[in-house]
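What follows is each chain in one-letter form.
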Amino acid sequence: MSEAVLQTAPNWDEDLKLILAAAVAAGDTALGYFRKTVDVRWKNEGRSPVSEADLAANDILKTRLLAARPNYGWLSEETDDDATRLSRDTVFVVDPIDGTRAFISGKDLWCVSVAVVHHGQPTAGVLYAPALGEIFQATRDGEARKNGGAIAVRDPVPDERLQVAMAEDIAGKLAAPYRQRMARVPHVPSLAYRLAMIADGRIDGTIVRKNAHDWDLAAADLILARAGGALRGLDGLPLSYNRPIVSHGVLGAGSGLALPALLAASRPFDAH
């Protein structure tokens, strides 16, 4: 490989440093709006809120990240989609505030989610939960870390009830033998943070309703994978990001040992 190619090849550790600094700046800005009166508007035919804090955090991320990597594409929940991202090998995938409803209602469980995606797969990811003082991070070749310390999923103990996060109506559709083995964890409003809870061993798994988007998943997917877990479709296949359609079907996530049983129990669930 030529020296010129080596110089221009992506460096995931450097990308991680970049997105970490940007996520902290964006999260700290959003924290300045937290538990205060903020302007809120509704999108997606009134189904999804977006606050002025979301937009302020998005502006910081877009300005910092694209200034540093102008050749990367951009995909964010709070930016109109630009199809030119599909022509880029590497893309920033961003949710300025994952858990906006929680943010607006004054609950701590929200985070900034930033990933670098290369050829459809996340290669660096950061989740910053400023109200909790927590930072999760990983690269595709490194450890998953929380506040600087390595984290790992929890391996299930025989006969122990599995801690699984899902809505009550979803739990009722699971195969009966699995329901008997699991304990349902109450709702976690940030999907990205819920996946991080699997990565650091607090819970064993989750089922994700259909229509989660790339920006909800990409950073947390990588962090979970590097912690020994996985996020999969009900067909058992990994996700691909930065496609023309950025939403996904029903998904399951868990530790390497817990996930197969969760996916098998979830297959009757048809994502109504």
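Please read all numbers here as calculations on a predicted model, not as lab measurements.

Asker: So what's going on with the overall build of the chain? Residues and values would help.
Answerer: Within the chain one finds 9 helices and 14 strands. A compact globule built from 272 residues should have a C-alpha radius of gyration of about 19 Å, and the chain, at 18 Å, falls within 12% of that. With respect to the three principal axes, the spread of C-alpha positions in the chain is 55 × 55 × 35 Å. Counting every position in the chain, which comprises 272 residues, the buried fraction comes to 53%. Of the contacts made within the chain by residues no fewer than 6 positions apart, 61% connect residues no fewer than 24 positions apart.

Asker: Give me the pattern of salt bridges: which residues, what numbers.
Answerer: For the structure on display, the rule yields 11 salt bridges. Residues joined in a network through salt bridges with shared partners are E134, K146, D200 and R202.

Asker: So what's going on with the packing of aromatic side chains? Residues and values would help.
Answerer: Between two aromatic rings, the relevant description is the distance of the centres plus the angle of the planes. With the rule as written, the count across this model stands at 6 aromatic pairs. On the basis of an interplanar angle of 40 degrees and a centroid distance of 5.4 Å, the ring pair of F34 and F103 is categorised as tilted. Placement of the pair is F34 in the loop between α2 (12–31) and β1 (40–43) and F103 in helix α4 (residues 100–104), with a sequence separation of 69 residues. Note on F34: relative accessible area 8%, which makes it buried. Taken together, the aromatic side chains of F34, F103 and W110 make up a single cluster linked through ring pairs.

Asker: Explain the domain arrangement of the chain to me, and be specific about the residues and the numbers.
Answerer: The figure often quoted for interface size is the accessible area lost as the parts come together. Splitting the chain by domain gives domain 1 (12–150) and domain 2 (162–269). Centre-to-centre separation of domain 1 and domain 2, based on C-alpha positions: 20 Å. With 41 residues of domain 1 at the contact, the number on the domain 2 side is 26 residues. Its largest share of buried area at the contact with domain 2, domain 1 owes to L109, P122 and F136, together 20% of the area lost on that side. Counting across the interface, domain 1 meets domain 2 through 1 salt bridge. Taking the shortest distance from any N to any O, the salt bridge between D200 and K146 comes out at 3.1 Å.

Asker: Help me get a handle on the packing of α2 against helix α3 (residues 52–68), residues and values and all.
Answerer: At a minimum axis distance of 8 Å, the contact between α2 and α3 shows a crossing angle of 160 degrees. By the angle class used here, α2 and α3 are roughly antiparallel. As α2 runs across α3, the sense of the crossing is right-handed. Note on element contacts: α3 touches α2 through A53, A56, A57, I60, L61, R64, L65 and A68, opposite L18, I19, A21, A22, A23, A25, A26, T29 and A30. By residue class, the composition of the contact of α2 with α3 is 15 nonpolar, 1 polar and 1 charged.

Asker: Give me the nonpolar core: which residues, what numbers.
Answerer: Soluble globular proteins tend to bury their nonpolar side chains together. V93, L127, L195, L217, I223 and L231 are the most contacted members of the largest nonpolar core, which totals 42 residues. At the level of secondary structure, the elements contributing two or more residues to this core comprise β4 (90–98), β5 (111–118), β6 (121–129), β7 (134–139), α7 (191–199), α8 (214–226) and β14 (251–255). Both domains that meet at this core, namely domain 1 (12–150) and domain 2 (162–269), each give it at least three residues. Ignoring any residue separated from it by four or fewer positions in sequence, one finds L217 in contact with L191, L195, A212, L231, L239, Y241, H248 and L251. Membership of the second largest hydrophobic core comes to 20 residues, among which are A57, V94, V112 and V116.

Asker: Mind laying out the sheet that holds strand β12 (residues 205–208), listing which residues take part and the relevant values?
Answerer: The strand order across the open sheet formed by 5 strands is β11-β10-β12-β14-β13, and the pairing between neighbours is mixed. If you trace the sheet from one side to the other, it starts and ends with β11 (182–185) and β13 (229–233), each paired once. The sheet shows a mean angle of 20 degrees between the axes of neighbouring strands, direction not considered. Strands β13 and β14 of the sheet are contacted by α8, whose axis makes an angle of about 135 degrees with β13. The sheet strands contacting helix α9 (residues 259–266) are β10 (162–165), β12, β13 and β14, and the helix crosses β14 at an angle near 155 degrees.

Asker: Describe the pairing of β4, and please don't skip the residues or the numbers.
Answerer: Extensive coverage of β4 is indicated by the burial of 9 of its 9 residues. Of the pairings in the sheet, the one linking strand β3 (residues 73–76) to β4 comprises 4 bridges and is parallel in character. Its bridge partner lying in β4, W74 is registered against F92. Both β4 and β5 contribute to a ladder of 7 bridges, which runs antiparallel. Opposite V93, over in β5, you have A115 as the bridge partner.

Asker: Could you give me a rundown of the sheet that holds β7, with the residues and numbers involved?
Answerer: Ordered in space as β3-β4-β5-β6-β7-β8-β9, the 7 strands form an open sheet in which the pairing is mixed. Lying at the two open borders of the sheet, with one neighbouring strand each, are β3 and β9 (149–150). Packed onto the sheet, α8 meets β3, β4, β5, β6 and β7 and runs at close to 100 degrees relative to β6.

Rules used throughout
- Throughout, a residue's number is its position along its own chain's written sequence, starting from 1.
- Reporting in this predicted model follows two pLDDT cut-offs: at least 70 for local features of residues, and 80 or more for side-chain atom pairs to be given and counted; totals over whole chains, interfaces and linings ignore these cut-offs and use all residues.
- Here the side-chain values reflect all heavy atoms present in the structure, with hydrogen atoms and water set aside.
- Each helix is a run of H or I in the DSSP string that is no shorter than four residues. Each strand is a run of E no shorter than two, and both are numbered from the N terminus.
- Radius of gyration: C-alpha atoms only; globule rule: 2.2 Å multiplied by the number of residues to the exponent 0.38.
- Summary of the burial criterion: residues with accessible area below 20% of their type's maximum are buried, those above 50% are exposed, and those between are partly exposed, where the area comes from a 1.4 Å probe applied to protein chains only.
- Here a residue-residue contact requires only that any non-hydrogen atoms of the pair lie within 4.5 Å.
- Every case where a carboxyl oxygen of Asp or Glu lies within 4 Å of a side-chain nitrogen of Lys or Arg is listed as a salt bridge.
- Two rings from Phe, Tyr or Trp (for Trp, the six-membered ring) form a pair when their centres sit within 6.5 Å of each other. Planes less than 30 degrees apart are called stacked, planes more than 60 degrees apart edge-to-face, and all others tilted.
- Bear in mind that the domain bounds are from an automatic or database domain assignment.
- In short, buried area is how much 1.4 Å probe accessible area vanishes from two parts on joining, totalled over both.
- Geometry is summarised by axes, namely lines fitted to C-alpha atoms with helices restricted to the contacting stretch, and by angles between N-to-C directions that run from 0 to 180 degrees.
- To sort the angles, those under 35 degrees are grouped as roughly parallel, those over 145 as roughly antiparallel, those from 65 to 115 as roughly perpendicular, and the leftovers as oblique.
- We call a crossing left-handed when the near helix sits turned anticlockwise from the far one by less than a right angle, and right-handed when that turn is clockwise.
- In this classification, the charged set is Asp, Glu, Lys and Arg, the nonpolar set is Ala, Val, Leu, Ile, Met, Phe, Trp, Tyr, Cys and Pro, and all remaining amino acids, among them Gly, are polar.
- Nine residue types can take part in a nonpolar core, namely buried Ala, Val, Leu, Ile, Met, Phe, Trp, Tyr and Cys, and a core is a set of them joined through side-chain atoms within 4.5 Å.
- Pairing between two strands requires that DSSP report at least two bridges joining them.

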